[in-house]
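One-letter residues, chain by chain:
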Amino acid sequence: MCNEIYFIGVDVGSGSVRAALVDQNGHVMQTSVKELHTWKPAVDFYEQSSNNIWNSCEFVIRNVITNIKPECVRGIGFDATCSLVVLDKNGNPISVSNSNNEEQNVIMWMDHRAQAEAEFINNKGHEILKYVGGKVSLEMEMPKLLWLKKNLSHKWAEFGYFFDLPDFLTWKATGSQSRSLCSLVCKWNYECSTDGKKGWNENFLHSIGLGELVEHDYKKIGNQVLMPGEKCGGLKPDIAKSLGLVPGTAVATSIIDAHAGGLGMIGTSGESIDRNMSTRFSLICGTSTCHMAVNRNAVLVQGIWGPYFSAMVPNMWLNEAGQSASGMLLDYVISSHPAGIRLLKKYNTGEVRNHLRELLAKIAKRQQLNDVCFLTKDFHIWPDFHGNRSPLADPSLKGMICGLTINDSEENLALCYLATLQALSYGTRHIMDALILAGYKPFKSLLICGGISKDPLFVQTQADTVGLPILKPHETESVLLGSAILGACASQYFNNVQHAIEHMGGPIEVQSNYELVTFLY
């Protein structure tokens, strides 16, 4: 007999796997994390191991259910980065570069090897590209598949299955080869158009030189497509035994990690807050930042992905923008500066950031400024060190720092850090303005979650730049909550995703830019 009902959310990020045990009210009861290994065999190449990822998933799931009766766990939801998993015809890992290490079988989302292939696809000008802002990104899967065919032609026939990482996880758990509509429409150019067309576009695949994927009813890329949260199967007996759970425990159709964060945040509520989801602009901030907006109507925006129907919230159109490097950029700014190198020998990254914020406050006080933002009036950063995802959609763009002097002090590093925060925030404003110009009504609030959102200066700078109140969920693990919501839906504890979002979303804290300034000082 179970006094409490639980669901498990599993989040595979860029650097780690996390799991959470979540109750039926959306409260995170237990969490666990395990770091992942990443290979960088060449410039702009980032590879991982699907075996390492899955073993880490098992590790964190076992940790969060310690002392919990297996029968009290009713459902599991998975989210992950939109990385490409490649398997041979027997379902075993096969290498995705000339490393010849079969364990290196995942091309990460941040891998930029396929720039020429993305340009080739874009030059075809196929009408389906209007659903990705007019240009396919080299971070999406079709350019990467084309790169594999072109550069590993001797192995192309050996490749048996291509999965988006979230779908690989549900396949490992259940044996189901179904795919998530979220992954396919957002990253695989799967058609789900405004005129009702739905499915793989055979003409598009042939036009870009990937016609082989049509063979055997799209076996290599999936021919059964389900909605996120829909039950895709139950835990296989051997997997259930390894995890310490009941065989057949419901497993939900997966979702991309950033979309899980959006799902976990968008149903939150508070006094005097407009609950209309279309008025909320969501930021999911980690290694990169994803910007999410939903609408009842399809809005085409140049340079911004989508609109995608039901990719995050059922029966709503999603537009997805982002910055390819945000947390990664902040880490780079610190670790590449002489003062940062010295500080990192004594402190971890979080402690260094705390130190820089304190230093900025001291500098502002010394200069008799009432806000640290004025410290960078002669110091500016263009943040596209890893290209521009949105709204310029140009992966070839480079970063820039203006205002450098011969100065390797901690104060100079603090200014670099502040200017980077400001540059990222201007990027958010640029994306938001592009959405509004294309047809979105002005947004009323900004939802924010993820690792960088723990930095109060980052949150303040975002609020100042967009001029909107910040909504921060009381439950800080929005991504894990989002995947757990899917598990709850798969178990049929809730009738639908909308009901689960509203019931498990929880309360929010509302912070205006003025309140955030006083919080800092």
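A quick note: this is a predicted structure, and the numbers were derived from the prediction, not measured.

A.B. asks: What is the right way to look at the environment of Ser 99 in this model?
C.D. replies: Structurally, the position occupied by Ser 99 is in the loop between strand E6 (84-88) and strand E7 (106-107). Each C-alpha atom of the pair Ser 99 and Trp 39 lies 10.0 Å from the other, and the pair is 60 residues apart in sequence. Setting aside residues no more than four positions away along its own chain, Ser 99 makes contact with Glu 47 and Gln 104.

A.B. asks: Would you take a moment to explain the UniProt feature "domain: Carbohydrate kinase FGGY C-terminal" (unreviewed entry) in the protein chain for this structure?
C.D. replies: UniProt records the feature "domain: Carbohydrate kinase FGGY C-terminal" (unreviewed entry) at residues 283-490, using the numbering of this structure. Between the first and last C-alpha atoms of residues 283-490 the distance is 26 Å; the span itself is 42% helix and 18% strand.

A.B. asks: Sorry, what's going on with the side chain of Gln 104 here?
C.D. replies: Within the fold, Gln 104 resides in the loop between E6 and E7. We classify Gln 104 as buried; its relative accessible area is 6%. In contact with Gln 104, other than residues within four places in its own chain, are Trp 39, Pro 41, Glu 47, Gln 48, Ile 94, Ser 95, Val 96 and Ser 99.

A.B. asks: Can you walk me through the packing of aromatic side chains in this structure?
C.D. replies: Each aromatic ring pair is characterised by the separation of its centres together with the angle its planes make. This model, assessed by the stated rule, comprises 18 aromatic pairs. Taken together, a centroid distance of 6.4 Å and an interplanar angle of 70 degrees make the contact between Trp 188 and Trp 200 edge-to-face. Remark: Trp 200 occurs in the loop between strand E11 (198-199) and helix H6 (202-207) and Trp 188 occurs in the loop between helix H5 (181-187) and strand E10 (191-192); sequence separation between them is 12 residues. Residue class for Trp 200 comes out buried when judged on its relative accessible area of 13%. Here the aromatic rings of Phe 281 and Phe 443 are separated by 5.0 Å at their centres, their planes lie at 40 degrees, and the arrangement is tilted. Placement of the pair is Phe 281 in strand E16 (residues 280-285) and Phe 443 in the loop between helix H13 (410-438) and strand E22 (445-450), with a sequence separation of 162 residues.

A.B. asks: Honestly, the state of the cysteines in this entry has me stumped. Any pointers?
C.D. replies: Each disulfide is one covalent bond, formed between the sulfur atoms of two cysteines. The full count for this structure, using the stated rule, is one disulfide. One disulfide in the model links Cys 2 with Cys 72; its S-S distance is 2.1 Å. Taking the torsion about the S-S bond as the criterion, the Cys 2 to Cys 72 disulfide, at about -100 degrees, is left-handed. Of this pair, Cys 2 sits in the segment before strand E1 (6-12) while Cys 72 sits in the loop between helix H1 (50-64) and strand E5 (73-80), placing them 70 residues apart in sequence. A relative accessible area of 17% places Cys 2 in the buried class. The buried category is assigned to Cys 72, whose relative accessible area is 5%. Its sulfur unpaired, Cys 192 is 10.0 Å from the next cysteine sulfur, which belongs to Cys 186. By relative accessible area, which is 13% here, Cys 192 ends up buried. The structure places no disulfide on Cys 232, whose sulfur is separated from the nearest cysteine sulfur, that of Cys 489, by 13 Å. Assessed through its relative accessible area of 12%, Cys 232 is described here as buried.

A.B. asks: Would you mind going over the packing of helix H10 (residues 327-335) against helix H12 (residues 349-366) with me for this structure?
C.D. replies: If you want to describe how two helices pack, look at the angle between their axes and the distance between the axes. At a closest axis distance of 11 Å, the pairing of H10 and H12 adopts a crossing angle of 75 degrees. When the axes of H10 and H12 are compared, the pair comes out roughly perpendicular. Residue-level contacts link Gly 327, Leu 330, Asp 331 and Ile 334 of H10 to Thr 349, Val 352, Arg 353 and Leu 356 of H12. Among the residues making up the contact of H10 with H12, the classes are represented as four nonpolar, two polar and two charged.

Cut-offs applied
Residues numbered from 1 in each chain as written. Predicted model: local features only at pLDDT ≥ 70, side-chain atom pairs only at ≥ 80, totals over all residues. Heavy atoms only, no water. Helix = DSSP H or I, 4+ residues; strand = E, 2+ residues; numbered from the N terminus. Contact = heavy atoms within 4.5 Å. UniProt positions renumbered as here; feature names shortened; annotations may be inferred. Buried < 20%, exposed > 50% of the residue type's maximum accessible area, 1.4 Å probe, protein only. Phe/Tyr/Trp six-rings, centres within 6.5 Å; stacked < 30°, edge-to-face > 60°. Disulfide = S-S within 2.5 Å. Axes fitted to C-alpha atoms, helices over the stretch in contact; angles between N-to-C directions. Parallel < 35°, antiparallel > 145°, perpendicular 65-115°, else oblique. Nonpolar A, V, L, I, M, F, W, Y, C, P; charged D, E, K, R; others polar.

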